[in-house]
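# Breakdown of the fold
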Amino acid sequence: MKTEDQTPQERELHALHKQCAYLERKIARLREQQIRQENIDEINRYILKYTNEKLLQYHQKAQQENISKTDFLANMSHEIRTPLNIILGMANLLADTTLDKTQTQYLNSLRVTGRQLTEVLNNVLEFSRIDAGKTTFEPEPFSLEKIINQLEASIMPLCIQKKLHYSVLYDPLLIMERIGDPLKIYQILLNLTNNAVKFTASGGITLEVKEDSHIPGNLILNVSDSGIGISEEHQKVIFERFTQVHDLFARPQSGTGLGLAISQKLTLAMGGQLTVESQPGQGSVFTCSLPLPPVATPERNLIRLDSHCIMPENFPPLRVLAVDDIKENIEVIKVYLKDYPIRIETASNGQEVLEYLMKSACDLILMDIRMPVMDGITATKEIRKREVQGILRPQTILAITAHAFQEQKKKILKAGFNGVLSKPFSKKDLIRYIYRFATVDRITQPAEKLGNKAIGFYLEQDKPEDIPQPLKEMLPVLLQTINNDLNSMKMALEKHEYPSLYAKAHSLQGVAGMFGFQELGSLILDLSQTVKAGNFIIACELFRALDLYLHRLMKR
């Protein structure tokens, strides 16, 4: 039927049929799209599930690899530090003996190489911890002077080898007792100074310490050198890991290329800034700004005393039980302490310690961690258990271990140890370590028990008012005597009259011991040993330290 023959109702019905047919086709297409989308969604769900399972597997694998890497690094650290402690310990002991010029040269090379190996080991371990986000900071009161002295002891042999001058600049009135993480600060400065020595062929390196005039409580630590310098292009990447700058015609410098990267990360993590200013051929200046607020006045004397080597005549008599399964480690401890009023007993494992304590008494235990039969942690837990039961009296147990990770140290302390000293350690480290735990009340000694030693004891603590009046009258003559002896020693060094210098040093050590000048005695001993070793650059720096020390005494 033609459209014009249809009634209006028929035309309307026809239009509705066409619309229905269109809608049916559209619904069919939508159903097909829905089915396709459901299939796609199902595939996506499968892919998402598969991907999540794979990511979980990869995450678990990465975690396992991190655990394995951490275990490997911890074991590597332990296995290297143990023999390294013996090597450096024996080298230090050998340095105190009579050696000819060639032997001294060989020994200095051995000690320098040992220190470099220690620094490489520390850098690799620290960077792995930073990468894993496990670096922790433990702010505590510390002596900046102690860090400067440790830094000088590490860097001077390298400077002597390259005939470089090393100097330290700071205001004598600068407060040296600060709050911060001393191990991290030392590592930053050591990396910066080592870097300066590597890239300096002539001239010298200077460490300058000063207050930050813009930020109260901040210190500025500048390490400047007269080395090859750094181009503007290289300055942009110098703090990236495994990066070193060197001359195109020179061989690459030794090292891991991690020192500056670690220093930058540690500085930023402590809320500071590390920057560099340099021009090729004109040296470099690395500036580290760190928040290191001063320690409250009452605590400064204790920190100052703890920053210097304790002389044998000021050391309390002790019986110490040294526990280690490696005989050479015991031998190093024995020789380090041979001049001190310390009786050394030995054991080779934790079981022997328990048997010893059931029969004998000691003032302090130096305990290794890894030992056969019974390890140090198990032995310490057993000792603490017997103390609670009343079987043993309370013991002071100090760990001497090659474990260097902070988590390991915390685990050791949690097991019941009173303190932890990591290998390799120096003679001064060991002596301070024992002294700190063996004589808690050393600052509160009454003047009447000190006798003449009250003069140096209280003067070095900034407490001249506590010196008894009769002894105060001796001060001017005593300080003048010390000053005269120091001048005589300087002249002897300038004239190469070494027997005269040793005689004066021996005499001045006697004065220091008689009148309680502990810091003076330590500096004189260091000076004598330095001159005997032929390190005359260090000797000149020690004379500067003695002049500053005497200047401080005369102002009090």
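Quantities reported herein were computed from a predicted structural model and do not represent experimental measurements.

Turning to the overall build of the protein chain, a few remarks are in order. Looking only at helices and strands, the protein chain features 19 helices and 12 strands. By residue count, 46% of the 556 residues in the protein chain fall in the buried class. Expressed as a percentage of contacts within the protein chain between residues at least 6 apart in sequence, the contacts between residues at least 24 apart total 69%. For the protein chain, the exposed area adds up to about 29300 Å²; of that, 56% sits on carbon and sulfur atoms.

So, on to the pattern of salt bridges. Pairing of side chains with opposite charge becomes possible as their charged atoms draw close. In this structure the tally under the stated criterion is nine salt bridges. With a shortest N-O distance of 3.4 Å, Asp 339 and Lys 338 are connected by a salt bridge. Glu 382 is the salt-bridge partner of Arg 386, the closest N and O atoms lying 2.9 Å from each other. Pair noted here: Arg 386 and Glu 382 are both in helix H10 (residues 376–388), with a separation of four residues, about one helical turn. For Glu 382, a relative accessible area of 24% corresponds to the partly exposed category.

Read from one edge of the open sheet, five strands run E9-E8-E10-E11-E12, paired in parallel fashion. Two strands bound the open sheet, and with one partner strand each, they are strand E9 (342–347) and strand E12 (419–422). Looking at each pair of strands side by side, their axes are set apart by 25° on average, direction ignored. As paired elements, strand E8 (residues 318–323) and E9 share six bridges and run parallel to each other. Directly across from Val 320, in E9, lies its bridge partner Ile 344. This element, helix H9 (residues 350–359), spans E8, E9 and strand E10 (364–367) of the sheet and lies at about 155° to E8. Across the sheet, H10 is in contact with E10 and strand E11 (397–401); its angle to E10 comes to roughly 155°.

Another aspect to go through is the packing of aromatic side chains. Aromatic ring pairs are defined here through the distance separating the ring centres and the angle between the ring planes. With the rule as written, the count across this model stands at two aromatic pairs. Measuring from ring centre to ring centre gives 6.4 Å for Tyr 46 and Tyr 50, while their planes differ by 20°; the resulting arrangement is stacked. Placement of both Tyr 46 and Tyr 50 in helix H1 (residues 8–95) is noted, with a separation of four residues, approximately one turn of the helix. Given a relative accessible area of 57%, Tyr 46 falls into the exposed group. Ring centres of Tyr 433 and Phe 437 lie 5.7 Å apart, and the angle between their planes is 75°; this geometry places the pair in the edge-to-face category. With Tyr 433 and Phe 437 both in helix H12 (residues 427–438) and four residues apart, the pair spans about one turn of that helix. Taking the relative accessible area as the measure of exposure, Tyr 433 reaches 3% and is therefore buried. Overall, the relative accessible area of 22% leaves Phe 437 in the partly exposed class.

Read from one edge of the open sheet, five strands run E2-E4-E5-E7-E6, paired in mixed fashion. Looking along the sheet, the strands with just one partner apiece sit at the ends: strand E2 (165–170) and strand E6 (273–278). Mean inter-strand twist for the sheet, computed between neighbouring axes without regard to direction, equals 15°. Two strands pair when backbone bridges link them, and strand E4 (residues 204–211) and strand E5 (residues 218–225) are joined in this way by seven bridges, in the antiparallel orientation. Paired with Glu 208 across the two strands is Asn 222, which belongs to E5. Sheet strands in contact with helix H3 (residues 144–162) are E2, E4 and E5, and its direction is about 165° off that of E2.

The next thing to look at is the nonpolar core. If you look at the biggest cluster of nonpolar residues, it comprises 77 residues, and the most contacted ones within it are Tyr 166, Leu 207, Ile 482, Met 489 and Phe 517. The residues that make up this core include at least three from each of domain 2 (140–307) and domain 4 (469–555). Apart from residues lying up to four places away in sequence, Tyr 166 is in contact with Leu 151, Glu 152, Ile 155, Met 156, Cys 159, Thr 193, Ile 205, Leu 207 and Glu 541.

Time to look at the packing of helix H17 (residues 498–515) against helix H18 (residues 518–532). Geometry of a packed helix pair, given as the angle between the helix axes and the separation of the axes. One way to put it is that H17 packs onto H18 with a least axis distance of 9 Å and a crossing angle of 160°. By the criterion of interaxial angle, the relationship of H17 to H18 is roughly antiparallel. The crossing of H17 and H18 is left-handed. In contact with Tyr 498, Leu 501, Tyr 502, Ala 505, Leu 508, Gln 509 and Ala 512 of H17, H18 contributes Leu 520, Gly 521, Ile 524, Leu 525, Ser 528, Val 531 and Lys 532.

Once that is clear, we can look at the environment of Val 335. Here Val 335 lies in helix H8 (residues 327–336). Residue class for Val 335 comes out partly exposed when judged on its relative accessible area of 22%. Spatially, the C-alpha atom of Val 335 lies 9.4 Å from that of Gly 89, the residues being 246 residues apart in sequence.

What counts as what
Residues numbered from 1 in each chain as written. Predicted model: local features only at pLDDT ≥ 70, side-chain atom pairs only at ≥ 80, totals over all residues. Heavy atoms only, no water. Helix = DSSP H or I, 4+ residues; strand = E, 2+ residues; numbered from the N terminus. Buried < 20%, exposed > 50% of the residue type's maximum accessible area, 1.4 Å probe, protein only. Contact = heavy atoms within 4.5 Å. Areas by Shrake-Rupley, 256 points an atom, 1.4 Å probe, with all protein chains shown as cover. Salt bridge = Lys/Arg side-chain N within 4 Å of Asp/Glu carboxyl O. Pairing = 2+ DSSP bridges. Axes fitted to C-alpha atoms, helices over the stretch in contact; angles between N-to-C directions. Phe/Tyr/Trp six-rings, centres within 6.5 Å; stacked < 30°, edge-to-face > 60°. Core = buried A, V, L, I, M, F, W, Y, C linked by side-chain atoms within 4.5 Å. Domains from an automatic or database assignment. Parallel < 35°, antiparallel > 145°, perpendicular 65-115°, else oblique. Left-handed = near helix turned anticlockwise from the far one by under 90°.

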